[in-house]
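Analysis of the macromolecular model
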Amino acid sequence: MTTYPGSCHCGAVEITFTSNKAPEEMRVGRCACSFCRRHGARTLGDPAGSVEFRAASGALSRYRFGLGITDYLLCAKCGAYVGAVMADDGKAIGIVNVNSLDIRDTFDPAPPLHHYDGEDEARRRARRRKFWMTATVIA
């Protein structure tokens, strides 16, 4: 397993992404929702990997919209969107915004744009179980 560090712009939220895949093997995508588009997000998950978000006290903001099942994680100080987490079967799964990783320039600057309009909660959870990874938030 390789650890890929990262953080928000000001460093108040630290990220540790762990994967056994090389960056060129990772599936990066862009969500077409207005939140992700406005943040210029490029996200990825590795079901065999994990991500940890560690924030100083009061430095992490959680935002929910749409179906209300996901916490979108933003730095409360600099506003950077670092990733998202969702409770699933008693654990948390999530994705990381590769723009917050130190190796961000390794990834495609314009990966495929994915449209998820019309998904109900069951379908969204099923899709995320395939691509998201174990997530931990320490704040």
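Figured I'd write up the structure that's included with this text. (Residues numbered from 1 in each chain as written. Predicted model: local features only at pLDDT ≥ 70, side-chain atom pairs only at ≥ 80, totals over all residues. Heavy atoms only, no water.)

1. Regarding the pattern of salt bridges
Close approach of charged atoms allows side chains of opposite charge to pair. Note the threshold: Salt bridge, as applied in this entry: a Lys or Arg side-chain nitrogen positioned within 4 Å of an Asp or Glu carboxyl oxygen. For the purposes of this entry, the term helix denotes a DSSP run of H or I that reaches at least four residues, the term strand denotes a run of E that reaches at least two, and both are numbered from the N terminus. Note on classification: 1.4 Å probe, protein chains only; a residue is buried when its accessible area is under 20% of the maximum for its type, exposed when over 50%, partly exposed between these limits.
The full count for this structure, using the stated rule, is nine salt bridges. Of the charged contacts, one joins K21 and D46 as a salt bridge, the two residues approaching to 3.9 Å between their closest N and O atoms. Residue K21 is located in the loop between strand 2 (13–19) and strand 3 (28–31), and its partner D46 is located in the loop between strand 4 (43–44) and strand 5 (50–55); the two are separated by 25 residues in the primary sequence. The exposure class of K21 is partly exposed, given its relative accessible area of 30%. Where salt bridges share partners, they join D88, E121, R125 and R129 into one cluster.

2. Overview of the nonpolar core
Under the convention used in this document: Think of a nonpolar core as a cluster: buried Ala, Val, Leu, Ile, Met, Phe, Trp, Tyr and Cys residues, connected wherever their side-chain atoms sit within 4.5 Å.
Counting residues in each nonpolar core, the largest one holds 24 residues, and the members touching the most others are F17, L44, F53 and V96. If you list the elements that add at least two residues to this core, you get strand 2, strand 5, strand 7 (71–75), strand 8 (81–88) and strand 11 (133–138). Membership of the second largest hydrophobic core comes to 14 residues, among which are A41, I93, I95 and W132.

3. Regarding helix 2 (residues 121–131)
So the rule is basically this: Note that the arc is computed from the directions linking the helix axis to the C-beta atoms. Contacts are assigned to residue pairs with any non-hydrogen atoms lying within 4.5 Å of each other.
Here helix 2 has its buried residues at R124, R125, R127 and R128. Summarising the axial view, the buried residues of helix 2 lie within an arc of 165 degrees, below the 170-degree limit, and thus occupy one face. For helix 2, the exposed residues set more than 90 degrees away from the buried face come down to A122, R123 and K130. Looking at the buried positions of helix 2, the neighbouring elements they touch are strand 7, strand 8 and strand 9 (91–97).

4. What to know about unusual backbone geometry
Here the phi dihedral of D89 falls at roughly 50 degrees; this positive angle occurs in a residue that is not glycine. For D89, the position within the fold is in the loop between strand 8 and strand 9.

5. Re the packing of aromatic side chains
What counts is decided by this rule: Side-chain rings of Phe, Tyr and Trp, where Trp is taken by its six-membered ring, are said to pair if the distance between their centres is within 6.5 Å; with planes under 30 degrees apart they count as stacked, over 60 as edge-to-face, and otherwise as tilted. Consider the ring centre and the ring normal. A charge sits over the ring if Lys NZ or Arg CZ is within 6 Å of that centre and within 35 degrees of that normal.
Taken as a whole and judged by the stated rule, the model has eight aromatic pairs. Their ring planes at 25 degrees and their centres at 5.6 Å tell us that F35 and Y63 sit as a pair that is stacked. Here Y63 lies in strand 6 (residues 60–63) and F35 lies in helix 1 (residues 34–39), a separation of 28 residues in the sequence. An aromatic cluster is present here, built from F35, Y63, F65, Y72 and Y81 joined pairwise through their rings. Taking NZ or CZ as reference, R27 lies 4.1 Å from the ring centre of F131, over its face. Sitting over the ring of Y116, R127 keeps its end group 3.5 Å from the ring centre.

6. With respect to the side chain of D46
Note the threshold: In the analysis that follows, any N or O atom pair within 3.5 Å is treated as a polar contact, provided that within protein one partner can donate a hydrogen and the other can accept it, and provided that, for residues neighboring in sequence, both atoms belong to side chains.
Residue classification places D46 among the buried residues on the basis of a relative accessible area of 2%. At 2.5 Å, the side chain of D46 forms a polar contact with the side chain of S19. Apart from the residues lying within four places of it in its own chain, the contact partners of D46 are F17, S19, N20, K21, F131, W132 and M133.

7. Quick word on the pairing of strand 9
As a reminder, the rule being used: Two strands pair under a simple rule: DSSP has to find at least two bridges between them.
With five of its seven residues buried, strand 9 lies for the most part within the structure. Relative to strand 9, strand 4 runs antiparallel, the two sharing two bridges. Bridge pairing links L44 to V96 in strand 9. Following strand 8, the chain reverses through two residues before pairing antiparallel with strand 9; D89 in that reversal takes a positive phi of roughly 50 degrees. Of the pairings in the sheet, the one linking strand 9 to strand 11 comprises two bridges and is antiparallel in character. Counterpart to I93 in the pairing with strand 11 is T134.

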